[in-house]
Amino acid sequence: MAGREDSPSKIMDKEAAHQRISELRKTIEYHSARYYQQDAPEISDAEYDRLMKELQNLEACYPDDELASSPTQRVGAAPLSKFAPFTHPQPMLSLANAFGAGEIRDFDSRIRRLAKVERVDYVAEPKLDGLAVNLIYENGQFRRGATRGDGAVGEDVSQNLKTIASLPLKMKTCASHTIPEFIEVRGEVYMEKEPFEKLNRRRVEEGEAPFANPRNAAAGSLRQLDPKITARRPLNIFLYGVGSAGNAAFGSHWEIIQTLAAWGFPVNPLIRQASDIDACIAYFEHIASIRSSLPYDIDGVVLKVNRLELQALLGSVSRSPRWALACKFPAEQAATVIQDIIVQVGRTGTLTPVAVMEPVNVGGVLVSRATLHNEDEILKKDIRVGDAVLIQRAGDVIPEVVSVILSKRTGREKEFRMPRACPECGSEIVRQAGEAAHRCVNLSCPAQLKEHIRHFASRGAMDIEGLGEKLSAQLFDAKLINDPADLYFLTKEQLLGLDRQAEKSAENLLDAIERSRTPALDKFIFALGIRHVGERTAKLLAHHFGSLEALMSAGREELTAIHEIGPEIAQSILEFFAEAKNRIVLEKFQRAGLSPQAPVPPAQTGLQGKSFVFTGSLESMGRNEAKAVVESLGGVVHSSVTGKTSYVVAGREPGSKLEKARKQNIPVISEEEFLTMAGRPIRRPA
Ligand code: IVH
């Protein structure tokens, strides 16, 4: 790598500087994707910040044309207090809906009649279930972007849009169309199903309400006032149209789609030309058949008249163009009756109302519970116990109540009231300003404590085998433990006194507890159950502070200075350590001799300059990933064993390289040893 100093040195010539700049941009793009999108950083926070700083410094001294698309421009804006209104240069229309082939044919007949033509050709596109945005590019540079809003005025979410890795900050040039001075590009911001599930799992872990579906998650993420939060959300974008296109002249919608792709915009690869309405219907059926295998949710297909002059001729009615149609899939909905609304208390005291319903089959799955999220949601939908309701399951997502079937109201339904006292401990319930959730404020609430102990012992945290929900509750109810630190003082005699505790299982549990006495620091921080501190944040904190003591004495400023830690997380960390009850538990951990292990910073791993050869298959990663790990830490990977090989990593079913290494006395290490060396000790599968 060329010059690695933090500030550009005077002797660095211009060419070298530009080379380093482009190298840094690539490296940072790579690491920020690992960090934000894939949730798997390869380098430490400090290293990332250092690269960013180096790039910022170089860019300040050696400005170039690519600056607008540099990673330095993506994140970095301060949180807003609210979004500025944004008037769309050309209004954003909506789409008329059609259900079934009959209505699709009606649409085509109407167009042929109005246009007095025999046949119309179309472009057919998947209808993504996200939220529509309008992006402004000037001379090829991304300038601003906004949500659709009411179609005339949306919200300026430019800073958040910039954090979407697939959104080009700079358009590419293409041979057929010059880049216009001004263009509005339209598309859909969405979240894929898998990252959505992952995000929700993380939210639940962190004591936050999960999003009902990927659409809500995408909308909620894009409308964050703090772009740092948006940056952590796995958002994607597909572009499917233009608004006022300035001097860009197009003849057909298909040409627009092709040109958008050539300009470097992500365009859905499933978009097709359809030469008549039969082809459109075949497309609709095909997309319906592959719907569940797509990585993102769609709720139908969109048909658009291809020729733009025909579009112009057709015009629009009541804010929907006559030349486009949304052909919707039937939703996976079903009707049932709400028998009860119960309230669950989570680890952080959040009260979640849950509808208990007569079991009903929705798209092949028997459903009997649906989350109602919070009181506002219940009031908004006016859901009462005894109501007949329509419920919906979107993909694999937790079922939701769509609406009450009001025509079935008898008058005997009971309105729901959030309890004034915690259903578990009877303590006061509060709702803080600006929060949708009601919380039980009692830190000793048994429901919270049990949840807390269960969380402490869970796999991503201290990983105490055998200590699940039942046993946590049993130990707590038997008054053997009151908090997680008490686990370390349990005796075999106490355990044997419990129902159904045999000698062997008591020993196993004590062994598992014993094994957890030297946890990795990040696991321990996560296990503490600090609100908003999930696995990832815990890792960041562990890397930054290196010890629990250092974290405990950190002030607000030091916390928020960490990339990705905003004021809300910082506040919750400060509150946690300021709380007397928590301090008592922490002291108890210390008395128990618990000693969290500081992470090995990547810079100190023994991989720098070392040469590795892999043989056999690895359990935790593929070869390419292993190679990337080695390279990111300054090592190299070779395919054959030579005198210069530093280590041979032997996976499952190693080949002849293993023998060769042994003959030449080259150190052979296991996958586990390799991972430890690379500063990513193994997380053992259950
Ligand atoms: S075109 C005038 N194309 O559907 C045309 N919309 O009900 C306006 N949508 O707000 C939109 N995929 O959020 C278009 N391929 C697609 C789409 C699409 C999803 C959404 C978009 C829009 C809504 C209209």
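Right above here is the structure, for reference.
Here, residues in each chain are numbered from 1, in the same order as that chain's written sequence. Where local features are concerned, this predicted model is filtered to residues with pLDDT of at least 70; where side-chain atom pairs are given and counted, the filter is 80 or more; whole-chain, interface and lining totals use all residues. Neither water nor hydrogens contribute to the side-chain values; these are computed over all heavy atoms in the structure.

**Quick word on the site of the ligand**
Part 1: Not every one of the 14 residues close to the ligand is listed here, only the nearest: Glu125, Lys127, Glu188, Tyr240 and Lys304.
Part 2: Leu128 is positioned with one of its backbone polar atoms (N or O) 3.2 Å from a nitrogen atom of the ligand.
Part 3: One of the side-chain N or O atoms of Tyr240 is found 3.4 Å from a nitrogen atom in the ligand.
Part 4: When contributions to the shell around the ligand are tallied by element, the ones reaching two or more residues are β3 (122-128) and β10 (298-305).
Part 5: Counting residues per element, the shell around the ligand draws most heavily on β3, at four residues.
Part 6: In terms of residue class, the shell around the ligand is built from nine nonpolar, no polar and five charged. One heavy atom within 4 Å of a molecule or strand is enough for the residue carrying it to be called near that molecule or strand. Here a polar contact is taken to be a pair of N or O atoms separated by no more than 3.5 Å, where protein atoms must pair a possible hydrogen donor with a possible acceptor and residues adjacent in sequence count only if both atoms sit in side chains. Note on conventions: DSSP H or I runs of at least 4 residues are helices, E runs of at least 2 residues are strands, and numbering of each starts at the N terminus. In this classification, the charged set is Asp, Glu, Lys and Arg, the nonpolar set is Ala, Val, Leu, Ile, Met, Phe, Trp, Tyr, Cys and Pro, and all remaining amino acids, among them Gly, are polar.

**Section: the sheet that holds strand β9 (residues 272-274)**
Part 1: What makes two strands pair is DSSP finding at least two bridges between them. If you walk across this open sheet you meet the five strands as β2-β13-β10-β3-β9, and the pairing is mixed. Of all strands in the sheet, those bounded by a partner on one side alone are β2 (96-98) and β9. Strand-to-strand, the axes of this sheet are offset by a mean angle of 35°, without reference to chain direction.
Part 2: The pairing of β2 with strand β13 (residues 324-328) spans three bridges and is parallel. Bridge assignment links Ala98 to a residue of β13, and that residue is Cys327. Angular values range over 0 to 180 degrees, each being the angle between N-to-C directions of two axes fitted as lines to C-alpha atoms, with helices fitted over their stretch in contact.

**As for the sheet that holds strand β26 (residues 668-670)**
Part 1: If you walk across this open sheet you meet the four strands as β24-β23-β25-β26, and the pairing is parallel. Edge positions in the sheet fall to β24 (636-638) and β26, since each of these pairs with one other strand and no more. The mean angle between the axes of side-by-side strands here comes to 35°, regardless of whether they run parallel or antiparallel.
Part 2: In the sheet, strand β23 (residues 611-615) pairs with β24 via three bridges, with the strands oriented parallel.

**Topic: the packing of helix α3 (residues 100-115) against helix α9 (residues 277-290)**
Packed helices, taken two at a time, are described by their axes: the angle between them and the distance between them.
Part 1: Their axes nearest at 10 Å, the elements α3 and α9 cross at an angle of 150°. In terms of axis orientation, α3 runs roughly antiparallel to α9. Where α3 crosses over α9, the handedness of that crossing is right-handed. Seen from α3, the contacting residues are Ala101, Ile104, Arg105 and Asp108; seen from α9, they are Ile277, Asp278, Ile281 and Phe284.
Part 2: Partitioning the contact of α3 with α9 into residue classes produces five nonpolar, no polar and three charged. In this scheme, roughly parallel covers angles under 35 degrees and roughly antiparallel covers those over 145, while 65 to 115 is roughly perpendicular and the rest are oblique. For any pair of crossing helices, the crossing counts as left-handed if the nearer helix is rotated counterclockwise from the farther one by less than a right angle, and right-handed if it is rotated clockwise. The contact criterion used is simple: two residues touch if any of their non-hydrogen atoms lie within 4.5 Å.

**A few points about the packing of aromatic side chains**
Part 1: Between the rings of Phe, Tyr and Trp (Trp by its six-membered ring), a pair exists once the centres lie within 6.5 Å; its type follows the angle of the planes, with under 30 degrees stacked, over 60 edge-to-face, and the other angles tilted. Evaluation of the coordinates by the stated rule reveals 16 aromatic pairs.
Part 2: Aromatic side chains Tyr190 and Tyr296 sit 5.4 Å apart centroid to centroid with 70° between the ring planes, which places their arrangement in the edge-to-face category. Taken together, the residues Tyr190 in strand β7 (residues 182-191) and Tyr296 in the loop between α9 and β10 connect sequence positions 106 residues apart. Both residues of the pair, Tyr190 and Tyr296, count as buried.
Part 3: Between Phe250 and Trp263, the aromatic rings sit 6.2 Å apart at their centres with planes inclined by 75°, giving edge-to-face as the arrangement. Placement of Phe250 in the loop between β8 (235-242) and α8 (253-262) and of Trp263 in the loop between α8 and β9 is noted, with a sequence separation of 13 residues between them.
Part 4: When accessible area is computed with a 1.4 Å probe and restricted to protein chains, residues below 20% of their type maximum are described as buried, those above 50% as exposed, and intermediate ones as partly exposed. What makes Trp263 buried here is its relative accessible area of 0%.
Part 5: In this structure an aromatic cluster arises from ring pairing among Phe456, Tyr488, Phe524 and Phe589.
Part 6: Here the guanidinium or amino end of Arg203 rests over the ring plane of Phe211, the centre of that ring lying 4.3 Å away. We count a charge as sitting over a ring when the NZ of a lysine or the CZ of an arginine lies within 6 Å of the ring centre and within 35 degrees of the ring normal.

**Comments concerning the pattern of salt bridges**
Part 1: Note on definitions: salt bridges are taken to be side-chain nitrogens of Lys or Arg within 4 Å of carboxyl oxygens of Asp or Glu. Under the defined criterion, the tally for this structure stands at 34 salt bridges.
Part 2: Residue Lys170 pairs with Glu66 through a salt bridge whose shortest N-O separation is 3.5 Å. Pair noted here: Lys170 is in the loop between α4 (158-162) and β7 and Glu66 is in the loop between α2 (45-61) and β1 (85-87), with a separation of 104 residues, a long-range link.
Part 3: Overall, the relative accessible area of 28% leaves Lys170 in the partly exposed class.
Part 4: Under the relative-accessibility criterion, Glu66 is labelled partly exposed at 36%.
Part 5: A salt bridge links Asp387 to Arg409, with the shortest nitrogen-to-oxygen separation between them at 2.7 Å. Highlighted residues: Asp387 in the loop between β17 (384-385) and β18 (388-392) and Arg409 in the loop between β19 (400-404) and β20 (414-415), separated in sequence by 22 residues.
Part 6: In this structure, a network of salt bridges that share partners links the residues Asp382, Arg384, Asp387, Arg409, Glu415 and Arg417.

**Re the nonpolar core**
Part 1: The biggest cluster of nonpolar side chains holds 50 residues, and the ones touching the most others in it are Ile464, Leu487, Tyr488, Leu541 and Phe589.
Part 2: Of all the secondary-structure elements, those providing two or more residues to this core are α12 (446-457), α13 (469-477), α15 (503-515), α16 (521-527), α17 (535-545), α18 (548-552), α20 (567-578) and α21 (580-591).
Part 3: Discounting residues that sit within four places of it in the chain, Tyr488 has contacts with Phe456, Met462, Ile464, Ile513, Ser516, Arg517, Phe589, Ala592 and Leu594.
Part 4: Formed by 38 residues, the second largest nonpolar core is a distinct cluster that contains Phe142, Leu199, Ala245 and Ile256. Working definition of a nonpolar core: buried Ala, Val, Leu, Ile, Met, Phe, Trp, Tyr and Cys residues. They are joined through side-chain atoms within 4.5 Å.

**Considerations on the packing of α12 against α13**
Part 1: Packing of α12 against α13 leaves a shortest axis separation of 9 Å and a crossing angle of 130°. Relative to α13, the element α12 lies oblique. At the point where α12 passes α13, the crossing takes the right-handed sense. Residues Pro446, Leu449, Lys450, Ile453 and Arg454 of α12 pack against Glu469, Ser472, Ala473, Phe476 and Asp477 of α13.
Part 2: Split by residue class, the contact of α12 with α13 holds five nonpolar, one polar and four charged.

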